[in-house]
Amino acid sequence: MGATPLSGRRALVTGGSRGIGAETVRRLASDGAAVAFTYAASATEAEKLVADVTANGGKVVAIQADAADPTQMSAAVERAAAELGGLDVLVNNAAVAHMAPIDEFPADQFDRLVAINIGGMFWATRTAMKHLGEGARIINIGSINADRIPGAGLSVYGMTKGAVSSFTRGLARELGPRGITVNNVQPGPIDTDANPDNGGEFPESLKKVMPLGRYGQVGDVAAIVSFLAGPESGFVTGANWNVDGGFTV
Ligand code: NDP
């Protein structure tokens, strides 16, 4: 294990079984934090992640909890705090996307996006407030689609990520006096199951509008999250951190 800037920190990552969340779990653990993560369906991936992190000497706990369900989300936060002996860092990462024209956007998908992307973040944060004190960090994973929508079909997803951005600013205002920072990491296209860099029409169209002309990797986002979770980011709050290859330029 290398440097451990997060030694002694206790972190919860929602939606940590795959993609950006899983890499964030790995990174926070290798930087010295004790980490809990939630997942909904991917039990096999969650078990593998626990085995990997543990094999590397990290402390990690997997908690099955549907972010769309306020009761499960709140119980997961309480369990994380109990297992880790407290909580210093909350990473609200769990989210889903659905693309469709507004005329035919399915009602169940609308409810799902709002319940997970907005509701999950709200309930995790509200419950975590019982545990977060001076020096704690809340890091929301928004999306560059809060600021730029490059094509049709993303209005509802973009709306939920706009909510992440404004929730971040409101919380930063409210929690600053308590010594808690709140930031919003806004990834651009990152190669995951949700947005695979598979040579298809969609990913290629995104690369065309990006100065760097390529997708990012999950580690690009996890590195920023780790910095925001650590001791050197204490004067940064209420900010949007674009990790997007220049998508908004
Ligand atoms: P993935 O689909 O690859 O992974 C999503 C993770 O969230 C999985 O671990 C999944 O677990 C979990 N999850 C999904 N629904 C629920 C739920 N109801 N309850 C608990 N956990 C859940 O997504 P990404 O890694 O790509 O995205 C992570 C974050 O980054 C999201 O907030 C997304 O909006 C944001 N983002 C991603 C971008 C990209 O290009 N990849 C771009 C901009 C933002 P399980 O399989 O167990 O359900």
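Residues numbered from 1 in each chain as written. Predicted model: local features only at pLDDT ≥ 70, side-chain atom pairs only at ≥ 80, totals over all residues. Heavy atoms only, no water.

Trainee: Break down the packing of helix H1 (residues 19–30) against helix H2 (residues 43–55) for me, citing the residues and quoting the values.
Mentor: Where H1 meets H2, the axes come as close as 10 Å, and the angle between the chain directions of the two elements is 20 degrees. As far as their axial angle goes, H2 and H1 are roughly parallel. Seen from above, H1 lies across H2 with right-handed handedness. Listed contacts from H2 to Ala 22, Val 25, Arg 26 and Ala 29 of H1 are Leu 49, Asp 52 and Val 53. Residues that form the contact of H1 with H2 fall into these classes: 5 nonpolar, no polar and 2 charged. (Axes fitted to C-alpha atoms, helices over the stretch in contact; angles between N-to-C directions. Helix = DSSP H or I, 4+ residues; strand = E, 2+ residues; numbered from the N terminus. Parallel < 35°, antiparallel > 145°, perpendicular 65-115°, else oblique. Left-handed = near helix turned anticlockwise from the far one by under 90°. Contact = heavy atoms within 4.5 Å. Nonpolar A, V, L, I, M, F, W, Y, C, P; charged D, E, K, R; others polar.)

Trainee: Kindly report on the site of the ligand, identifying the contributing residues and their values.
Mentor: The local shell around the ligand holds 31 residues, among which Ala 41, Ser 42, Asn 93, Tyr 157 and Thr 192 are the closest. Contact distances for the ligand include 2.7 Å between an oxygen atom and a side-chain N or O atom of Ser 17. Within the contact set of the ligand, an oxygen atom lies 2.7 Å away from a side-chain nitrogen or oxygen of Tyr 157. Considering the ligand on its own, with 890 Å² of exposed area, one finds that the protein chains cover 92% of that surface. Taken atom by atom, the bulk of the ligand overlaps the largest pocket. For the shell around the ligand, the elements supplying multiple residues, two or more each, are H1 and helix H5 (155–175). Split by residue class, the shell around the ligand holds 16 nonpolar, 11 polar and 4 charged. (Near = heavy atom within 4 Å. Polar contact = N/O pair within 3.5 Å; in protein donor to acceptor, adjacent residues only side chain to side chain. Areas by Shrake-Rupley, 256 points an atom, 1.4 Å probe, with all protein chains shown as cover. 1 Å grid on protein atoms, 1.4 Å probe; cavity = no way out; pocket = protein on both sides within 12 Å on 5 of 7 lines; lining within 4 Å. Sits in = over half its atoms within 2 Å of the grid points.)

Trainee: I'd like a rundown of the layout of surface pockets, residues and numbers included.
Mentor: In this structure, the largest pocket occupies an estimated 1100 Å³ of space. A breakdown of the residues in the lining of the largest pocket according to their chemical character gives 27 nonpolar, 15 polar and 5 charged. (Points joined across faces, edges and corners; volume = space filled by probe spheres on them.)

Trainee: I'd like a description of the UniProt feature "domain: Ketoreductase" (unreviewed entry) in the protein chain, backed by residues and values.
Mentor: Within this structure's numbering, the places UniProt gives as "domain: Ketoreductase" (unreviewed entry) are residues 9–188. Between the C-alpha atoms that bound residues 9–188 there is a distance of 28 Å. The span itself is 46% helix and 18% strand. (UniProt positions renumbered as here; feature names shortened; annotations may be inferred.)

Trainee: Summarise H1; cite the residues concerned and give the values.
Mentor: Compared with an ideal rise of 1.5 Å per residue, which puts 12 residues at 16 Å, H1 spans 17 Å between its outermost C-alpha atoms and is within 8% of the ideal. Of all the residues in H1, the buried ones are Ile 20, Gly 21, Ala 22, Thr 24, Val 25, Leu 28 and Ala 29. Backbone geometry just downstream of H1 places Gly 32 in the positive-phi region, at approximately 110 degrees. (Expected span 1.5 Å × (residues − 1). Buried < 20%, exposed > 50% of the residue type's maximum accessible area, 1.4 Å probe, protein only.)

Trainee: Outline the environment of Arg 27, supporting the account with residue identities and numerical values.
Mentor: Residue position: Arg 27 is located in helix H1. Classification of Arg 27 by relative accessible area gives partly exposed; the value is 32%. C-alpha of Arg 27 to C-alpha of Ser 226: the two residues are 199 residues apart in sequence and 6.9 Å apart in space. For Arg 27, the residues in contact, after removing those within four places along its chain, are Ala 222, Ala 223 and Ser 226.

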